[in-house]
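Fold and geometry: a report
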Amino acid sequence: RCWAEAQPAEAQLPAVARSMGGRTVKRPERYGGSPDNSPERPARKRARGPLQPLRKRTRCGTCAACNATNCKACRFCLDMPKYGGTGTLRQPCIQRLCEAMLAEKLQAKEAAAAEREADREKRRAEREAEREARDEVRRAARMARNTEREARRGPRRRISAVD
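Residues numbered from 1 in each chain as written. Predicted model: local features only at pLDDT ≥ 70, side-chain atom pairs only at ≥ 80, totals over all residues. Heavy atoms only, no water.

**Notes on the overall build of the protein chain**
Looking only at helices and strands, the protein chain has 3 helices and 2 strands in total. Reading the protein chain from its N terminus to its C terminus gives the helix and strand order α-β-β-α-α. Relative to its full complement of 163 residues, the protein chain shows a buried share of 10%. Counting contacts in the protein chain only where the partners sit at least 6 residues apart, residues at least 24 apart contribute 29% of the total. Accessible area for the protein chain stands at about 14600 Å²; split by element, carbon and sulfur atoms hold 52% of it. (Helix = DSSP H or I, 4+ residues; strand = E, 2+ residues; numbered from the N terminus. Buried < 20%, exposed > 50% of the residue type's maximum accessible area, 1.4 Å probe, protein only. Contact = heavy atoms within 4.5 Å. Areas by Shrake-Rupley, 256 points an atom, 1.4 Å probe, with all protein chains shown as cover.)

Structure, rendered in structure tokens:
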């Protein structure tokens, strides 16, 4: 029997909808749900990273590498169960790495490296601007101290040599 059938009608509390990362979970009020159907706390933020799910790379099936046979000598071939391995690595033979997949992977790496370099340059420029601002404040404070020091000493007297 389900929970609703097992409980008398007065014991059945209204369910409260609560949003959890795109899906709705219904919770009875007695388990902490709020009666006005509002979530008691905001939904968790999404983990940092790409917003779209990554698609699995697939072989093209047309290049020479895709149609090659296993070498039976590399560490990935030796790990395959059909050649007596445990199958824990689950990688294709080194000679069978698809050229299209490698090109796509290289392009993605280069794009990520360019993005990292742009971020690095941006942070470097921000640090340089902050450093310049600090130096300007220090120069202004130094000038103020020198002006104050000169005001305390009075005007400078120049001693000229009279023959």
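What follows continues from the structure just given.
**A look at the side chain of Asn70**
Position of Asn70 among the secondary structure elements: in the loop between strand 2 (23-28) and helix 2 (75-79). Among the residues examined, Asn70 registers a relative accessible area of 13% and is labelled buried. For Asn70, the side chain forms a polar contact with the side chain of Tyr83, separated by 3.5 Å. Setting aside residues no more than four positions away along its own chain, Asn70 makes contact with Cys77, Met80, Lys82, Tyr83, Cys93 and Arg96. (Polar contact = N/O pair within 3.5 Å; in protein donor to acceptor, adjacent residues only side chain to side chain.)

**Describing the nonpolar core**
Residues Cys74, Phe76, Cys77, Met80 and Cys93 constitute the largest nonpolar core, which totals 5 residues. If sequence neighbours within four positions are ignored, Met80 has contacts with Asn70, Gly85, Gln91, Pro92 and Cys93. (Core = buried A, V, L, I, M, F, W, Y, C linked by side-chain atoms within 4.5 Å.)

**Concerning a nonpolar patch on the surface**
Nonpolar side chains collect at one region of the surface, where Ile94, Leu97 and Leu102 lie side by side and expose about 250 Å² of accessible area between them. Examined against the element boundaries, Leu97 turns out to sit in the loop between helix 2 and helix 3 (99-153). For Leu97, a relative accessible area of 35% corresponds to the partly exposed category. (Patch = residues over 30% accessible without salt bridge, like charges linked within 9 Å, V, L, I, M, F, W, Y side chains within 5 Å. Salt bridge = Lys/Arg side-chain N within 4 Å of Asp/Glu carboxyl O.)

**Considerations on the layout of surface pockets**
The calculated volume of the largest pocket comes to roughly 310 Å³. Lining the largest pocket are Arg57, Arg59, Arg90, Gln91, Pro92, Leu97, Cys98, Met101, Leu102 and Lys105. Roughly 200 Å³ of internal volume is contained in the second largest pocket. Forming the walls of the second largest pocket are Leu54, Arg55, Arg57, Glu104 and Ala108. (1 Å grid on protein atoms, 1.4 Å probe; cavity = no way out; pocket = protein on both sides within 12 Å on 5 of 7 lines; lining within 4 Å. Points joined across faces, edges and corners; volume = space filled by probe spheres on them.)

**Thoughts on the pattern of salt bridges**
Here the structure, examined in full by the defined rule, presents 7 salt bridges. Residue Glu104 is joined to Arg57 by a salt bridge in which the shortest nitrogen-to-oxygen separation is 3.8 Å. Of the two residues, Glu104 is situated in helix 3 and Arg57 in the loop between strand 2 and helix 2; the sequence distance between them amounts to 47 residues. Classification of Glu104 by relative accessible area gives partly exposed; the value is 31%.

**Let's talk about the environment of Phe76**
Looking at the secondary structure, you find Phe76 in helix 2. With sequence-adjacent residues up to four places away left out, Phe76 is seen in contact with Leu89, Gln91, Pro92 and Ile94.

Function-wise, these values are silent; they only describe arrangement.
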